[in-house]
Amino acid sequence: MSNVDAQELAKFSALAHRWWDKESEFRPLHEINPLRLDWIDSLAAVRGKRIVDVGCGGGILAEALAQRGAVVTGIDLATKPLGVARLHALESGVADLDYREISAEALAAEQPGAFDIVTCMEMLEHVPDPASTVRACAALVKPGGWVFFSTINRNPKAFLFAIVGAEYVLQLLPRGTHEYARFIRPSELARHGRDAGLDLVATQGMTYNPLTRRYRLEPDTSVNYLFACRKAAA
Ligand code: SAH
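Nothing here was measured: the structure is a model prediction, and the numbers come from that model.

Caption draft 1: Region of the structure containing the site of the ligand. Surrounding the ligand, one finds 17 residues, the nearest of these being Asn 3, Arg 36, Gly 55, Asp 76 and Met 121. Arg 36 is positioned with one of its side-chain polar atoms (N or O) 2.8 Å from an oxygen atom of the ligand. Separating a nitrogen atom of the ligand from a backbone N or O atom of Met 121 is a distance of 2.8 Å. Computed on the free molecule, the ligand has an accessible area of 570 Å², of which 98% lies beneath the protein chains in the complex. Elements supplying a minimum of two residues to the shell around the ligand: helix H1 (6–14) and helix H2 (27–44). A class-by-class count of the residues in the shell around the ligand yields 11 nonpolar, 3 polar and 3 charged.

Caption draft 2: View of the sheet that holds strand E7 (residues 214–218). Read from one edge of the open sheet, 8 strands run E3-E2-E1-E4-E5-E8-E6-E7, paired in mixed fashion. The outermost strands of the open sheet, each flanked by one partner alone, are strand E3 (97–101) and E7. This sheet shows a mean twist of 20° between the axes of neighbouring strands, independent of strand direction. Pairing of strand E6 (residues 198–209) with strand E8 (residues 224–231) involves 8 bridges; the strand directions are antiparallel. Counted as the bridge partner of Gln 204 is Leu 226 from E8. Packed on one face of the sheet, helix H6 (residues 130–140) meets strand E1 (50–54), strand E4 (115–121), strand E5 (141–152), E6 and E8 and runs near 150° to E5.

Caption draft 3: Just the environment of Pro 81, in detail. Looking at where Pro 81 falls in the secondary structure, it is placed in helix H4 (residues 79–92). On the basis of relative accessible area, Pro 81 is assigned to the buried category, the value being 1%. Through-space distance from the C-alpha of Pro 81 to that of Gly 57 is 5.1 Å; in sequence the pair is 24 residues apart. With sequence-adjacent residues up to four places away left out, Pro 81 is seen in contact with Phe 12, Ser 13, Ala 16, Trp 19, Gly 57 and Gly 58.

Caption draft 4: Layout of the pattern of salt bridges. Under the defined criterion, the tally for this structure stands at 15 salt bridges. Note that Arg 18 and Glu 25 form a salt bridge whose closest N and O atoms lie 2.5 Å from each other. Here Arg 18 falls in the partly exposed class, since its relative accessible area comes to 30%. Linking Glu 188 and Arg 185 is a salt bridge whose minimum nitrogen-to-oxygen distance equals 3.8 Å. Each of Asp 5, Glu 8, Lys 11 and Arg 182 takes part in a single network of salt bridges with overlapping partners.

Caption draft 5: Molecular detail of the side chain of Glu 8. Within the element layout of this structure, Glu 8 appears in helix H1. Other than its neighbours up to four places away in sequence, Glu 8 contacts His 126, Thr 177 and Arg 182.

Caption draft 6: Expanded view of a nonpolar patch on the surface. On the surface, Tyr 168, Val 169 and Leu 170 cluster together into a nonpolar patch covering about 290 Å² of accessible area. Its location among the elements puts Leu 170 in the loop between helix H7 (156–169) and helix H8 (186–195).

Caption draft 7: Geometry of the pairing of strand E2 (residues 71–76). Burial runs high along E2: 5 of the 6 residues are buried. Where E1 and E2 come together, 5 bridges link them in parallel fashion. Within E2, the position partnered with Val 52 by the bridge is Thr 73. Tracing the backbone out of E1, into helix H3 (residues 60–67) and back to the parallel element E2 gives a crossover that is right-handed. Summarising the sheet, E2 and E3 pair through 5 bridges and their orientation is parallel. From the neighbouring strand, Thr 73 faces E3, where its bridge partner is Asp 98. You can see the chain leave E2, run along H4 and come back into E3, and the turn it takes is right-handed.

Quick notes on the rules
- Residues numbered from 1 in each chain as written.
- Predicted model: local features only at pLDDT ≥ 70, side-chain atom pairs only at ≥ 80, totals over all residues.
- Heavy atoms only, no water.
- Near = heavy atom within 4 Å.
- Polar contact = N/O pair within 3.5 Å; in protein donor to acceptor, adjacent residues only side chain to side chain.
- Areas by Shrake-Rupley, 256 points an atom, 1.4 Å probe, with all protein chains shown as cover.
- Helix = DSSP H or I, 4+ residues; strand = E, 2+ residues; numbered from the N terminus.
- Nonpolar A, V, L, I, M, F, W, Y, C, P; charged D, E, K, R; others polar.
- Pairing = 2+ DSSP bridges.
- Axes fitted to C-alpha atoms, helices over the stretch in contact; angles between N-to-C directions.
- Contact = heavy atoms within 4.5 Å.
- Buried < 20%, exposed > 50% of the residue type's maximum accessible area, 1.4 Å probe, protein only.
- Salt bridge = Lys/Arg side-chain N within 4 Å of Asp/Glu carboxyl O.
- Patch = residues over 30% accessible without salt bridge, like charges linked within 9 Å, V, L, I, M, F, W, Y side chains within 5 Å.
- Right-handed = clockwise from strand over helix to strand, strands pointing away.

Encoded structure:
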C-alpha cells in the first residue's frame, strides 16, 4: 500500500481513546462538525444518500451524517480510531453506519461509482499523495454525485494560525499534528479535482476566533477551507 504514512496513522491511533472527548485534542473536530455537516447537507441533501467518509477517524462526521438519515460507510487505515468509531456507533444505536479498514484507492477499485456523496475531511494533509486520494474519491462517486474536501491552506498566515497558533500558543492540537509542507493551496486542490473529473462548485472558508473560542464559516479561505465538487453527470 503506497499512499499512506504509517507515522500519521500512529499519531491518530495513540490518541484514539479520547476521540469522543469534546475537551480533548479532538475538540476542534467536534466544534467544526455542525458547521461542515450543515454546509454539506445544504448542498447535497444527505438524507437517504449513500455516503463514504474517507479518513473517518473516530467517526465524528460519519455518525452525524448517519443521524441525518444517510447510509454511511466510514473508511480509515488507522485501526484504533476505527475501533472507537464502531463502539461509539453501537452506543449511539445509529442505523445505517458501518466502518471498514480500507484505503480510498482500494475501495474505489472494489466499488467504483457506488456512492452519491464522498466526504474527505481534514485528511488530505496527512497523506503522501493527496492527488491519488482525490482521484479515488472521484472514482467512488456516481456521475452527478458530490465530493466534499476540507484541508488547510499553505501560506505564511496558515503556518502562523494552524501550526504556531493552534499547536504552540493555544495548544488546541498536539505539537506535530500538522506538517506545513503537506498543506494544500486551494488552487492545487482545484487542479487535483479537475484532473480527476471533478468540477469545483463551492468553496467555503472556516475561521477560528481564539477569544470567543468559536469556529465560523466565512468566505476567508486563507487557513482552513472546504471544497464542494461534483462529478459530471454521465
Ligand atoms: N475525517 C475525520 C478525521 C480527521 S483526522 C474528521 O474530520 O472528523 C485524519 C484522519 O485521516 C485520521 O483518522 C487518520 O487515521 C486518517 N488517515 C491518515 N492517512 C490516511 C490514509 N492514507 N488513508 C485513510 N485514512 C488516513
